[in-house]
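Per-entry structural report
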Amino acid sequence: MSTDVNAASVNEERSATPAMSGTPTLEARHLVKTFGHVVGLADVSLKLYPGEVLAIIGDNGAGKSTLIKCLSGALAPDQGEILVDGVKVVFKSPVDARLAGIETVFQNLAVSPALDIASNLYLGRERRSKGPAGRIFRMLDTRGMRESAREQLSDLGIGTIQDITQKVETLSGGQRQAVAVARAAAFGSKVVILDEPTAALGVRESGQVLGLVKRLRDRGMPVILISHNMPQVFEVADRIHIQRLGRCAGVITPGSHTMEEAVAIMTGATTLDQAAGTGRGAAQGDGPDDKHGRNGQNDPE
Amino acid sequence: MRERETPGARLQQTLHRHPAIGPASVLVASVIAFSIANPRFLNSTNLSLLVQQVAVLATLAIGQTMIILTAGIDLSVGAAAILAQMVIAQTAANNHIPGVLAILLGVAVGALTGLLNGFLVTRIKLPPFIVTLGTLSIYTSIGLKYSNGQSVYASAMPKILIWTGNYVNIGPYQLTTGVILMLVLFAVTSYALTRTAWGRHVYSTGDDAEAARLSGIKTGRVLLSVYLVAGVIFGLAAWILIGRVGVASTNNLTNANLDSITAVVIGGTSLFGGRGAVLGTLFGALIVQVFQSGISLAGVQSLYQVLAEGILVIVAVALDQWIRKVRR
C-alpha cells in the first residue's frame, strides 16, 4: 500500500471519477448525540459524494457506531441535520432511512436464515405475479423474483452462488454478506452503508466483499464503509473519515497519509496537522477537488 | 470432522430442504406396521373413521402451526374453540338466531380470542406462553359461565350447525363435510404461507424478528394478523366439532391444547419459529390418530398410545435440533 501514488496514475483507472463537487448524496451537519453524560457524537459533519467510497475509522468508543446509527435512522441525533441530495430529512426509524434510499448492512446481517436467497433479496418488497392470481389471490411472482435475483447477483459478480433457492443459513459467511450487500444495493437505493462487513470473514472472502464494494462504487453507488482493518480501508476507500472521542479528527485520503499516520491520528498520538507532512495536505472536512490516491490495482479477479 | 458427503449428512440436508419428508415417512411406516399387526387397520371403515376423528384436531393444529411458526405458542387453543362452540350452539338453540348467523358469531368470538392474545403479545409485549396460559383460564371460565355448564344437543340445533358431520362418500371411503372443510383450510393456509408476501413475512418474523424489522416488515402487525387468523380457524374448528360430536359441551376437547402442539411438533415445525409447514402438521395430526387407532386395534393397552406419543414428540424435537445444525 504505497503512499506516494499521485494524481497522474489516478484518473485513467476510473474514468467516471466522482466529481466530489456539487451536491453530496448524503450529508450530515453538526450532529450531536449524547447518552446521559456520555457524549457519543460532538458536532460531527460528513459529506458523501456520488461514486465514492468513504471509510469511517476510529477506535472503540470513538463514535463510529453512533454516527452510523444516526445516518441509518436507528438513532435520532439530538442536534444537527441530515440531508439526502441536498434535501433535509428526518429519520424516525431505519425504515424511513431506507425509503430515502439509504441502505445499511448491519454487522449482524439483517437476513432471514431460514428463507432462500431470492426471498431474502426481496424480503419486505415482494413482487406479486401479474394478472388475477396476483391481484386477487396475492400470489407472489416467485419465478420472476428468482430470475431477477440471479441477475442482480451476477451483475455484482457474485458467481459463487449457483442455486438461488438455497437457504441463506446454508451459505458461507462471505456469501451471506454478499447477499446482504446485493440486497442493499438493489431497488434504487442511493447510499449503501456497510458496518464492519469483513469482521467475521477469512482473507479470501474479505477480498470478495471488497471487490463487491469496488463494483458498487464503479456503478456510481456511494458507499460508507466502517472498518477496523487498515489495509482494507486503504485498499478501497477514496476518502477516510477519522473519528476520535466523538469528533471528526480529520478526513484524509490513502494518497495523502500512510496507514501509520492514520492510526496515529485515530489514537491521538498525533493530529491531522502534524501528520500532514507527506505533501499535499489532508482533505480537511471534505475536499471537493481532492484527487484519489488510490491505484486500484488490487481488484481481485 | 465428518465428511460432507456421508449418507448422514446428505439425509440431514435433504430433511433440511423438505421438512415434510420426516413426518410423511413416519406416517407411512406406522401405517405399514399397524396393518401388519392387524390387517383390519387398513379396511376402509377404519381408515374413514380415523380421518373423521382427526378433523377437529387437525384444524386446531393449523392455527397452532401458524403461531408456532412465529416462535410463539398457544395454550388457549382448546378453550377458545370451546367458547366459540358454546356461542354457536347457544345463540342458535336458545336465542333462536339463524344458524348461519350463529356460526358467524362463533367465528367472530374465535377471532376476538385471537385478537386479545395477539394484542397482549404485540402491544403489551408479554411472552406468548404466559399470555395464552392466562387466556386459557380466562376463556375456559367465560365458556363455563356463558353456558352455565349446560350442554346443547344436536336435536335442538338448526341443521347447518351439524352440517359438518354430514357424510361424503368417496369410493369405499366415507368422509364428512367437516373433513373436506379441514382439507380446504389446509390448502388455503398452505397457499397463504408459501405463495404470498404475508406468508414470507410470517416465516421471517419467526425466524429472526429483528432482521425482519430491519427489512422493513411491520413485525407487530404480522404477529397480530397471525393470532387473528388462528382465532378464526379455532372458530371454524368449533363448527367442525359440533358436527362431529353432535353435542356442544364444555367437556369436549379436554386435551386439545397439548394434542395440537404435539401434532405441530411431530409434523416437523420448529418450536423456535421460522421453520416448518402446515402440510407437515397434517401428517403430524394423522400420525397421532394412526397411533391411537392402530394401538387399540393391535390389542395393546391404550396407555402405550400415550407412551408412544410422548416418545414421538421427543424424537421429533431431537430431529429438528439435528436438522437445524446444517451448515456448509
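Refer to the structure presented above.
Residues numbered from 1 in each chain as written. Chains lettered and ligands numbered in written order. Predicted model: local features only at pLDDT ≥ 70, side-chain atom pairs only at ≥ 80, totals over all residues.

1. Examining the overall build of chain A
Rule in force here: Numbering goes from the N terminus for both helices and strands, where a helix is a DSSP run of H or I of at least four residues and a strand is a run of E of at least two. Our exposure labels follow a C-beta count within 10 Å of each residue's own C-beta, placed from the backbone: buried means 20 or more other C-beta atoms, exposed means 12 or fewer, and partly exposed covers the counts in between.
For chain A, the helix and strand inventory stands at 10 helices and 10 strands. The buried share of chain A, reckoned over its 301 residues, is 48%.

2. What to know about the packing of helix H4 (residues 77-93) of chain B against helix H6 (residues 128-147) of chain B
Residue and element names in this part refer to chain B. Rule in force here: Geometry is summarised by axes, namely lines fitted to C-alpha atoms with helices restricted to the contacting stretch, and by angles between N-to-C directions that run from 0 to 180 degrees. Roughly parallel means an angle under 35 degrees; roughly antiparallel means over 145; roughly perpendicular covers 65 to 115; every other angle is labelled oblique. In this scheme the handedness of a crossing depends on how the near helix is turned from the far one: anticlockwise by less than a right angle means left-handed, clockwise means right-handed. Distance between backbone-placed C-beta atoms decides contact: two residues are in contact if it is within 7 Å. Under the convention adopted here, Pro, Cys and the residues Ala, Val, Leu, Ile, Met, Phe, Trp and Tyr are nonpolar, Asp, Glu, Lys and Arg are charged, and Gly plus all remaining residues are polar.
The geometry of H4 relative to H6 is characterised by a closest axis approach of 8 Å and an angle of 20° between their N-to-C directions. Classed by the angle they form, the pair H4 and H6 counts as roughly parallel. In this structure, H4 crosses over H6, and the sense of that crossing is left-handed. Of the residues in H6, those touching H4 at Ala79, Ala80, Ile82, Leu83, Met86 and Gln90 are Leu136, Tyr139, Thr140, Ile142, Gly143, Tyr146 and Ser147. Class assignment for the residues of the contact of H4 with H6 results in 9 nonpolar, 4 polar and no charged.

3. Overview of the interface of chain A and chain B
Size of an interface, as often reported, equals the accessible area lost when the parts are brought together. Counting residues at the interface gives 20 residues for chain A, matched by 18 residues for chain B. At 3 residues, the largest contribution of residues to the side of chain A that touches chain B is made by helix H2 (residues 94-99) of chain A. Grouping the amino acids of the side of chain A that touches chain B by side-chain chemistry returns 12 nonpolar, 5 polar and 3 charged.

4. Focus: the sheet that holds strand E10 (residues 247-252) of chain A
Residues and elements named next belong to chain A. The criterion, for reference: For two strands to be treated as a pair, DSSP must find no fewer than two bridges joining them.
The 6 strands are arranged E6-E7-E8-E3-E9-E10 in an open sheet whose pairing can be described as mixed. The outermost strands of the open sheet, each flanked by one partner alone, are strand E6 (102-105) and E10. Within the sheet, the average angular offset between the axes of one strand and its neighbour, ignoring direction, is 20°. Two elements, strand E3 (residues 53-58) and strand E8 (residues 223-226), share 4 bridges in a ladder whose sense is parallel.

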